[in-house]
Amino acid sequence: MKKRIFAFALVIVLVCTSLLACGKEEKETSAKPAVKTETNEETKKELKKVTLNEVAHSIFYAPMYVAIEEGYFEEEGIDLTLVTGFGADKTMTAVLSGEADIGFMGSEASIYTYNEGANDYVVNFAQLTQRAGNFLVAREEMPDFKWEDLKGKKVLGGRKGGVHILM
């Protein structure tokens, strides 16, 4: 019974989080005090165009989506274009070919590129998630699970070349 309640609560939290991340309220402008803005072309900040290619669209990146929707990048002088690459290999290709300025993916793609001897390899420079949303499930309950229990077992670890398959 506790598992069902927990699962139901988790679904409710995910639905609420998804709705908050996807929806955008109109900001009240009448309540804000009037602020003098410069209209002189010399004082306007020219936006730097940046293309970000993310490996997958994920709820774990919700803070970034909110920042995009709320205009935080524009406030910092960045005209951000977000593209979903649908795989680290495709995201890495976009970065190496110049189609994207930044690739949002796991470190395995840059490791593969470096190990292949690329002259112009990429460098990982940020960690955007503190904990990944990865999990391990089994067909049968294993109340006293230990990682050693996986020895000799077949494990579906995600796509070929992904971090999870390498573990």
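Note that this is a predicted model, so its numbers are computed, not measured. Here, residues in each chain are numbered from 1, in the same order as that chain's written sequence. Restriction of local features to residues with pLDDT of at least 70 applies here, the model being predicted, together with a cutoff of 80 or more for giving and counting side-chain atom pairs; totals for whole chains, interfaces and linings are based on all residues. Each side-chain value is worked out from all heavy atoms of the structure, with water and hydrogens disregarded.

### What to know about the overall build of the chain
A run of H or I in DSSP becomes a helix once it reaches four residues, and a run of E becomes a strand once it reaches two; helices and strands are each numbered from the N terminus. Of regular secondary structure, the chain possesses 6 helices and 3 strands. In sequence order, the chain lays out its α and β elements as α-β-α-α-β-α-β-α-α. Counting only contacts in the chain whose residues sit at least 6 apart along the sequence, the fraction spanning at least 24 positions is 65%. Per-residue and other accessible areas follow the Shrake-Rupley method at a 1.4 Å probe size, with only the shown protein chains counted as cover for residues. A total accessible area of about 14300 Å² is found for the chain, and carbon and sulfur atoms account for 57% of it. In this description, contact between two residues means that some pair of their heavy atoms is separated by no more than 4.5 Å.

### Remarks on the side chain of T91
Mapped onto the secondary structure, T91 falls in helix α4 (residues 88–97). There is a polar contact of 3.0 Å between the side chain of T91 and the side chain of N53. Residue contacts for T91: discarding those within four places in its chain leaves N53, E54, V55, G85, G103, F104 and M105. Polar contact is defined as a pair of N or O atoms within 3.5 Å, subject to the rule that within protein one atom must be able to donate a hydrogen and the other to accept it, and that residues adjacent in sequence are counted only when both atoms are side-chain atoms.

### Remarks on the pattern of salt bridges
Side-chain pairs of opposite charge can arise where the charged atoms are in close proximity. Salt bridges are defined by distance alone: a side-chain nitrogen of Lys or Arg within 4 Å of a carboxyl oxygen of Asp or Glu. Going through the model one piece at a time under the given rule, you end up with 2 salt bridges. A salt bridge links K90 to D89; the shortest N-O distance between them is 3.8 Å. The exposure class of K90 is partly exposed, given its relative accessible area of 47%. To sort residues, take the accessible area from a 1.4 Å probe on protein chains only and compare it with the maximum for the residue type: under 20% means buried, over 50% means exposed, and anything in between is partly exposed. For D89, a relative accessible area of 47% corresponds to the partly exposed category.

### Describing the packing of aromatic side chains
Two rings from Phe, Tyr or Trp (for Trp, the six-membered ring) form a pair when their centres sit within 6.5 Å of each other. Planes less than 30 degrees apart are called stacked, planes more than 60 degrees apart edge-to-face, and all others tilted. Scanning the model with the defined rule gives 2 aromatic pairs in all. Between Y61 and F104 the ring centres are 4.3 Å apart and the planes differ by 45°, which places this aromatic pair in the tilted class. Of the two residues, Y61 sits in the loop between β1 (48–54) and α2 (62–69) while F104 sits in strand β3 (residues 102–104), which places them 43 residues apart along the sequence. Taken as a pair, Y61 and F104 share a single burial class, namely buried. Each ring, one from F145 and one from W147, has its centre 5.3 Å from the other, and the planes form 75°; the classification is edge-to-face.

### Points about the confidence of the model for the chain
For residues with low pLDDT, the predicted coordinates do not support detailed interpretation. What pLDDT conveys is the predictor's confidence in a given residue, as a value from 0 to 100. For the chain, per-residue confidence averages 74 on the pLDDT scale, and 62% of positions sit at 70 or higher. Counting contacts from residues 23–40, a segment whose pLDDT is below 50, to residues more than four positions away or on other chains yields 6 contacts.

### A short note on the packing of α4 against helix α5 (residues 108–115)
For every element, the axis is a line fit to its C-alpha atoms; helices are fit only across the contacting stretch, and the angle between N-to-C directions ranges from 0 to 180 degrees. Contact geometry of α4 with α5 gives a least axis separation of 9 Å together with a crossing angle of 60°. With respect to α5, the element α4 is oriented oblique. Read as a crossing pair, α4 and α5 show a hand that is right-handed. Contacts between α4 and α5 involve A88, M92 and L96 from the former and E108, A109, S110 and T113 from the latter. Each residue is assigned to one class: nonpolar for Ala, Val, Leu, Ile, Met, Phe, Trp, Tyr, Cys and Pro, charged for Asp, Glu, Lys and Arg, and polar for all the others, Gly among them. Its residues assigned to classes, the contact of α4 with α5 shows 4 nonpolar, 2 polar and 1 charged. In these notes the angle categories are as follows: under 35 degrees is roughly parallel, over 145 is roughly antiparallel, 65 to 115 is roughly perpendicular, and the rest is oblique. Rotating anticlockwise by less than a right angle from the far helix to the near helix defines a left-handed crossing, while the corresponding clockwise rotation defines a right-handed one.

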